[in-house]
Amino acid sequence: MGFFSTLSSIFGVGKKSCNIVVVGLDNAGKSTILNALRSEDTRVSQVVPTVGMTVTTFSGTGVNFSAFDMSGQGKYRNLWDAYYAKAEGIMFVVDSTDRLRLSVARDELWMILDHKDCKKVPLLILSNKSDRPDSLPVGEVSNLLGLDLMRNRPWTIQQTSAINGNGLPHSLEWLSKNIKEYMNGESS
Amino acid sequence: MIYWSISISPMQSIFQMSLLPAPGARWMSALSDDELRLNTNANCVSFVDTQADGDIKLIVADLGTSRYEMKLKTPTNTIGVAAGSTLFIYKALKPFYKYDLKPIELLPAEQAAWIRYWSDGHHIDHLVRNLEMAADEASFAEMSTLSQAIVMGSDEDREQLIAKVANMKERMPVNKSQMTCVASIKRSPESLVDVCAIGCENGDIQFVDTQAFQMLASVNIKSPVVFILTTGHYDVDFKVFASTRAGTIYLIQREHLGKDREPRKIATLPKRIVAIKMFAKILAVATDDCKITYYDFRGKRLKEIRTNQRIIGLETFNYEPRQYSTLLVAFQREIYMYNENSLVDVLKIDSQSDIKWIKFGAFGREEAALIIGTKSGGIIVKLFRRTAQLTDMAEIHAPKLAHNYKLNIPRRTKLYQDQTQRERDNPVHMHQMYQRDLFLLRWLVSQQFALMTTKALSTVSTSSSEAVDISVDVNGFGPTFRLTVRLSSGTPTPLTDMWLSFIYKKESFKLSDALIPVALLTPQLHRDFVVTMVDKASGNYAITCKKLYLQFMEKELNTQSNDGKTYEIKDQLDPVSIKLNHEKFTRSFGIAVQTEGNLPKIYGIPKMHKNPIKFRFITGAHDSTLKPLSIELQKILRFLHGHFRRYCYSITGHNKINRFFSIQNTFRVVQQLNTVKNKRSEIFCADFSSLFTNLPHNVVKEKLYYLIDLMFKNAGHFYTYTILVEAISPEKGLSSDIKIYLCRKDRRNPIVTAIITMPLSEMSLLD
Ligand SMILES: Nc1nc2c(ncn2[C@@H]2O[C@H](COP(=O)(O)OP(=O)(O)OP(=O)(O)O)[C@@H](O)[C@H]2O)c(=O)[nH]1
Ligand SMILES: [Mg+2]
């Protein structure tokens, strides 16, 4: 990072703002992760299952994010589609301990990617709850989600824990960088 | 019959299908485990939210592998397990209560036989005879199980059994009925407490309060109960359907609980009942003769579905979000879903073993999970896809039902009458015409087919740098064709990460797959393998197919034969061509050809860090033609080395800057660097992409000339030097030599070229 961009990120000037859509099955930990990404004074102490969706803002390096925290419950999943068109990035959260529903997560992920409104925006996949002893290694999650078939878009999978914060800084950095690149590519 | 329970959480096993479900698929595969070795059936499987946390577990009662494995393992919440004549209730992991069936009076003749036995000299023979007589008099089935066992058993068994009876109260066997099935009914719409309906071998259906463990009521249907289904609320109004082994279905309602009214017989089926399920106010009964019959709750027969396979089980499918309520029918290898009488889905299982039972319900956090138990004791979990739609597919799959057809009888028009008249007048002629046309049609079809098979056999092959053969077969004669694409690789190394893509007109064809990832294409392998070290990681070993090894070796030795036998598997290189090649080569150096003695040995070690993998070849100096030359060169270089060192030492005397380091390994570099105390020093690191052996000869030569110049012509002159230390990234191994490059500072662009003919370096600290 150059000197001026460091400066500008300190003073918050010249920061871009962007929308990301945060999806994944219910209980994956989406709201908990977003809560952990927020600045310390805006955090809530208790995360409850989301109803419909909520909007959260937080900032990354050089970018301010507005995140649409969608509810993952089956009955709300059809709301997801409405936000793809606006999104400049997708964050897909998977509960790495829920082996039964990894196939459901895979199904939903590919349905998102095949959706007509879904652009070639950066895709960040978080294999969450890695602090739990029964969590699957990130490589296995990647295989089970069929990520090796992913083409034509910047994507990464990151092992995270919303409880102890592992992997979150790195994820945020990746997202900031790739969204900036995406938006520069769009505008030019 | 003792059931033994284990709980299976979804965490235990996992099975991966790397294919995404097809767009129209209604189920997706979640987990599967063939190794569970469960011995169970649909009646012994249930879903329970054990921790009341929304994470629903599957509870399986395992019948054990033999009768005596009567262990109980970790049932986790309020679960009832019917075993023999006892209902065990488990609450939060612990046995909580046990409900026993009341004993039934012994048959008088049986009782008499026992009294005779104890009073009259303990004659086993007499006892057995008397018991047999008692059985003839009444019925064998009504005797106590102990007496039954004595009649059936061997002499040894009998003694043991009698000893058991001797321990009992009044020294009499106890006759208890066996529980055969259990179901629960809610007490009232608000209540959280259930009433258990227990069906017994003797035809009793008992209603037991699960809080007080008291029998509330009981009715008898006089024949062993095998299935029991409940609906409604016990205190308000309920319906209990019970079927007997004989195939009769009874309806028990609240008003039947009093003594005066008998349960109502609503249907009798001619064949053995395989399963009964209730869905959408319909009772579906599957019988042994491949039929599913629908009854309404009053016993009116509504419909009958014939299947063409033996039915294994039934299950109701309810999916709230879409208001689906259908019937799942399990056959040996597939599961059909019927919406009343139209077939809406066919699910084929991908397990080795046949289906034994199925169970549908909420599992984990999924609300629609289908658990399939296989004969081999495995479990497959399928989840219903959120986007799935159930539409009729009856036309394609359902076995045709005779009464489903409506005959299309034309009206009695003038045309119709003329036609029938014509048919009546010249039937022979019409028949002949028809036969001729039919023959012509058949002939045309076979002609087309023959044409197509010859056409389809011509293969397309494209040649590219990667020698992959592709051949395509087209099978079938439309509208659906099968394309068989065969790929075979001729390249020595396996090809990875390729795609098979089909380009076609979207409006003309629909392909099941337009882009197929090709995982790996390996050429045909040799039966032998060559074991070598791995380059740059000598602790690792590589096992290389001998064919590949030889191919590389041939290429290196320039002895590839072009006799066209691409697929011939060689075992050895041709010694004559090696010899010829060698002679040609030595002659090109102007050295006399050596005709005696052996050629030097050569071997190759694979560079696993390269993609594609190549070999590093290593030749022994022994027997080498060029050996005398290299000895001479070595001498020259050693002289240069010594001279340069002396030169450096002598200038060190002048300005105390050491310009000569002879370094064996990286540790020495670090050591040397540590001795440098100058704060202002700057050290550059450079990573060199090309290795020492790849250095262009003329550059090396040029640098050598430069060095010689430096030492012998400019002696006593001072230069400033910049140090470049190569940093070799650990993946490439640490064993590589350190190479330090020399360049003059006053040049504008120091070229990264090297002087590496000896382990020497030039180091300078920037002042
Ligand atoms: N151990 C552990 N628990 C986590 C982690 N992340 C989330 N949880 C827990 O998982 C549960 C669900 O988290 P939520 O953030 O509400 O999940 P969600 O994805 O927002 O769920 P919906 O809003 O229903 O879609 C909470 O009890 C969290 O405490 C994690 O990294 N480790
Ligand atoms: Mg949430």
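Residues numbered from 1 in each chain as written. Chains lettered and ligands numbered in written order. Predicted model: local features only at pLDDT ≥ 70, side-chain atom pairs only at ≥ 80, totals over all residues. Heavy atoms only, no water.

## Thoughts on the packing of helix α1 (residues 108-119) of chain B against helix α2 (residues 124-137) of chain B
Residues and elements named next belong to chain B.
Line of reasoning, step 1. Look at α1 against α2: their axes get within 8 Å of each other, and the N-to-C directions meet at 170 degrees. For the element pair α1 / α2, the angle class is roughly antiparallel. Touching A109, E110, A113, W114, R116 and Y117 of α1 are I124, L127, N130, L131, A134 and E137, all from α2.
Line of reasoning, step 2. For the contact of α1 with α2, the per-class residue count stands at eight nonpolar, one polar and three charged. (Axes fitted to C-alpha atoms, helices over the stretch in contact; angles between N-to-C directions. Helix = DSSP H or I, 4+ residues; strand = E, 2+ residues; numbered from the N terminus. Parallel < 35°, antiparallel > 145°, perpendicular 65-115°, else oblique. Contact = heavy atoms within 4.5 Å. Nonpolar A, V, L, I, M, F, W, Y, C, P; charged D, E, K, R; others polar.)

## Thoughts on the nonpolar core
Line of reasoning, step 1. In terms of nonpolar packing, the biggest core is built from 70 residues, with I20, F65, M91, F92 and I125 of chain A together with V381 of chain B touching the most fellow members.
Line of reasoning, step 2. Ignoring any residue separated from it by four or fewer positions in sequence, one finds V381 of chain B in contact with L100 of chain A together with M28, S29, A30, L31, F363, L370 and I371 of chain B. (Core = buried A, V, L, I, M, F, W, Y, C linked by side-chain atoms within 4.5 Å. Buried < 20%, exposed > 50% of the residue type's maximum accessible area, 1.4 Å probe, protein only.)

## Thoughts on the coordination of the magnesium ion (ligand 2)
Line of reasoning, step 1. In this structure, S31 of chain A (OG) and T50 of chain A (OG1) serve as the protein donors to the magnesium ion (ligand 2), at separations of 1.9 Å. With S31 of chain A in helix α2 (residues 30-37) and T50 of chain A in the loop between α2 and β2 (53-59), this pair connects stretches of sequence that are 19 residues apart. (Donors = N, O, S within 2.8 Å, 3.2 Å for Na, K, Ca; no water.)

## Describing the packing of aromatic side chains
All names here are of chain B.
Line of reasoning, step 1. This structure, assessed with the given rule, holds 19 aromatic pairs over all chains.
Line of reasoning, step 2. On the numbers, 6.4 Å between centres and 85 degrees between planes, the contact of W27 with F360 is edge-to-face. In this pair, W27 sits in strand β2 (residues 27-33) while F360 sits in strand β24 (residues 355-363), placing the two residues 333 residues apart along the sequence. Each member of the pair W27 and F360 is classed as buried.
Line of reasoning, step 3. Between F317 and F360, the aromatic rings sit 4.7 Å apart at their centres with planes inclined by 50 degrees, giving tilted as the arrangement. A residue pair is termed long-range when its members are at least 10 positions apart, and F317 in strand β20 (residues 313-319) and F360 in strand β24 qualify at 43 residues.
Line of reasoning, step 4. Its relative accessible area of 9% is what places F360 among the buried residues.
Line of reasoning, step 5. Within the aromatic cluster, the residues linked to one another by ring pairs are W27, F317, Y319, F360 and F384.
Line of reasoning, step 6. For R254, the ring lying beneath its charged end belongs to Y234, and the centroid distance is 5.7 Å. (Phe/Tyr/Trp six-rings, centres within 6.5 Å; stacked < 30°, edge-to-face > 60°. Lys NZ or Arg CZ within 6 Å of the ring centre and 35° of its normal.)

## A short note on the sheet that holds strand β25 (residues 366-374) of chain B
Residues and elements named next belong to chain B.
Line of reasoning, step 1. Judged by pairing direction, the sheet is antiparallel, and its four strands sit side by side in the order β2-β26-β25-β24 without closing on themselves. Both outer strands of the open sheet, β2 and β24, are each paired with one neighbouring strand and no more. For this sheet the average axis-to-axis angle between neighbouring strands, irrespective of direction, equals 20 degrees.
Line of reasoning, step 2. In this sheet, β25 lies alongside β24 in antiparallel orientation, the contact comprising seven bridges. (Pairing = 2+ DSSP bridges.)

## Quick notes on a nonpolar patch on the surface
Residues and elements named next belong to chain B.
Line of reasoning, step 1. A cluster of nonpolar residues, F529, V531, M533, Y541 and I543, forms a patch on the protein surface that exposes about 560 Å² of accessible area.
Line of reasoning, step 2. When contributions to the nonpolar patch are tallied by element, the ones reaching two or more residues are β31 (529-534) and β32 (537-545).
Line of reasoning, step 3. With three residues, β31 is the single largest residue contributor to the nonpolar patch.
Line of reasoning, step 4. Along the polypeptide, I543 turns up in strand β32. (Patch = residues over 30% accessible without salt bridge, like charges linked within 9 Å, V, L, I, M, F, W, Y side chains within 5 Å. Areas by Shrake-Rupley, 256 points an atom, 1.4 Å probe, with all protein chains shown as cover. Salt bridge = Lys/Arg side-chain N within 4 Å of Asp/Glu carboxyl O.)

## Some thoughts on the environment of S501 of chain B
Residues and elements named next belong to chain B.
Line of reasoning, step 1. Within the secondary structure, S501 sits in strand β29 (residues 495-501).
Line of reasoning, step 2. Residue classification places S501 among the partly exposed residues on the basis of a relative accessible area of 42%.
Line of reasoning, step 3. Sequence separation between S501 and I516 is 15 residues, and the spatial gap between their C-alpha atoms is 6.3 Å.

## A word on the sheet that holds strand β18 (residues 291-295) of chain B
Residue and element names in this part refer to chain B.
Line of reasoning, step 1. In spatial order, the strands read β16-β17-β18-β19; together these four strands make up an open sheet with antiparallel pairing. The sheet is open, and its two edges are formed by β16 (273-279) and β19 (301-306), each paired on a single side. Ignoring strand direction, the axes of neighbouring strands in this sheet form an average angle of 20 degrees.
Line of reasoning, step 2. Bridge count for β16 against strand β17 (residues 282-287) is six bridges, and the pairing is antiparallel. In the strand pairing of β17, F279 is matched with I282.

## Some thoughts on the packing of α2 of chain B against helix α4 (residues 155-167) of chain B
All names here are of chain B.
Line of reasoning, step 1. At a closest axis distance of 12 Å, the pairing of α2 and α4 adopts a crossing angle of 85 degrees. Here α2 lies roughly perpendicular to α4, going by the angle between them. Between α2 and α4, the residues in contact are I124, L127 and V128 and R158, E159 and I162, respectively.
Line of reasoning, step 2. Taken together, the residues that form the contact of α2 with α4 break down as four nonpolar, no polar and two charged.

## A closer look at the UniProt feature "binding site: Mg(2+)" (unreviewed entry) in chain A
Residue and element names in this part refer to chain A.
Line of reasoning, step 1. According to UniProt, the "binding site: Mg(2+)" (unreviewed entry) feature falls on S31 and T50. These annotated residues cover 20 residues of sequence, and their C-alpha atoms lie no more than 7.4 Å from one another, placing them together at a single site.
Line of reasoning, step 2. Here T50 falls in the buried class, since its relative accessible area comes to 12%. (UniProt positions renumbered as here; feature names shortened; annotations may be inferred.)

## A few points about the pattern of salt bridges
Line of reasoning, step 1. Under the definition given, this model contains 28 salt bridges over all chains.
Line of reasoning, step 2. Of the charged contacts, one joins D26 of chain A and R365 of chain B as a salt bridge, the two residues approaching to 3.7 Å between their closest N and O atoms. Taken as a pair, D26 of chain A in the loop between β1 (16-24) and α2 and R365 of chain B in the loop between β24 and β25 lie in two separate chains rather than in one.
Line of reasoning, step 3. Taking relative accessible area as the criterion, R365 of chain B reaches 34% and is therefore assigned partly exposed.
Line of reasoning, step 4. Residue D354 of chain B pairs with R333 of chain B through a salt bridge whose shortest N-O separation is 3.0 Å. Of the two residues, D354 of chain B is situated in the loop between β23 (342-348) and β24 and R333 of chain B in the loop between β21 (324-330) and β22 (334-339); the sequence distance between them amounts to 21 residues.
Line of reasoning, step 5. Beyond isolated ion pairs, a larger network of salt bridges with shared partners links D26, R77, D98, R101 and E108 of chain A together with R365, E366 and R386 of chain B.

## What to know about the environment of F47 of chain B
All names here are of chain B.
Line of reasoning, step 1. Tracing the backbone through its elements, the reader meets F47 in strand β3 (residues 45-48).
Line of reasoning, step 2. For F47, a relative accessible area of 18% corresponds to the buried category.
Line of reasoning, step 3. Sequence-distant contacts of F47, that is, excluding residues within four places in its chain, are made with I56, K57, L58, K359, F360, G361, A362, F363 and I371.

## Observations concerning the pairing of strand β33 (residues 602-607) of chain B
Residues and elements named next belong to chain B.
Line of reasoning, step 1. Note: β33 against strand β34 (residues 614-619), six bridges, orientation antiparallel. What sits directly across from I602, in β34, is T619.
Line of reasoning, step 2. The hairpin turn running from β33 into β34, its antiparallel successor, is six residues long.

## As for the site of ligand 1
Residue and element names in this part refer to chain A.
Line of reasoning, step 1. With respect to spatial proximity, 21 residues lie near ligand 1, and among them S31, T32, T50, G72 and D131 are the closest.
Line of reasoning, step 2. Residue G29 places a main-chain N or O atom 2.9 Å away from an oxygen atom belonging to ligand 1.
Line of reasoning, step 3. Here a nitrogen atom of ligand 1 and a side-chain polar atom of D131 are 2.7 Å apart.
Line of reasoning, step 4. For the shell around ligand 1, the element with the most residues is α2, which contributes three residues.
Line of reasoning, step 5. Class assignment of the residues belonging to the shell around ligand 1 gives a composition of six nonpolar, 10 polar and five charged. (Near = heavy atom within 4 Å. Polar contact = N/O pair within 3.5 Å; in protein donor to acceptor, adjacent residues only side chain to side chain.)

## Examining unusual backbone geometry
Line of reasoning, step 1. A positive phi angle is found at N27 of chain A, which is not glycine, with a value near 70 degrees.
Line of reasoning, step 2. Turning to its location among the elements, N27 of chain A is positioned in the loop between β1 and α2.
Line of reasoning, step 3. By relative accessible area, which is 39% here, N27 of chain A ends up partly exposed.
Line of reasoning, step 4. The phi dihedral of K536 of chain B is positive, around 70 degrees, even though this residue is not glycine.
Line of reasoning, step 5. Within the element layout of this structure, K536 of chain B appears in the loop between β31 and β32.

## Quick word on α2 of chain B
Residues and elements named next belong to chain B.
Line of reasoning, step 1. Between the first and last C-alpha of α2 there are 20 Å, a value that for 14 residues agrees with the 20 Å anticipated at 1.5 Å per step.
Line of reasoning, step 2. Taken as a whole, α2 has its buried residues at L127, V128, N130, L131, A134 and A135. Mapping the buried residues of α2 onto a view down its axis gives an arc of 165 degrees, with all of them on the same face. Of the exposed residues in α2, the ones pointing more than 90 degrees away from its buried face are D125, M133, D136 and E137.
Line of reasoning, step 3. Residues of α2 that are buried sit in contact with α1, α3 (145-152) and α4. (Expected span 1.5 Å × (residues − 1). Arc of directions from axis to C-beta.)

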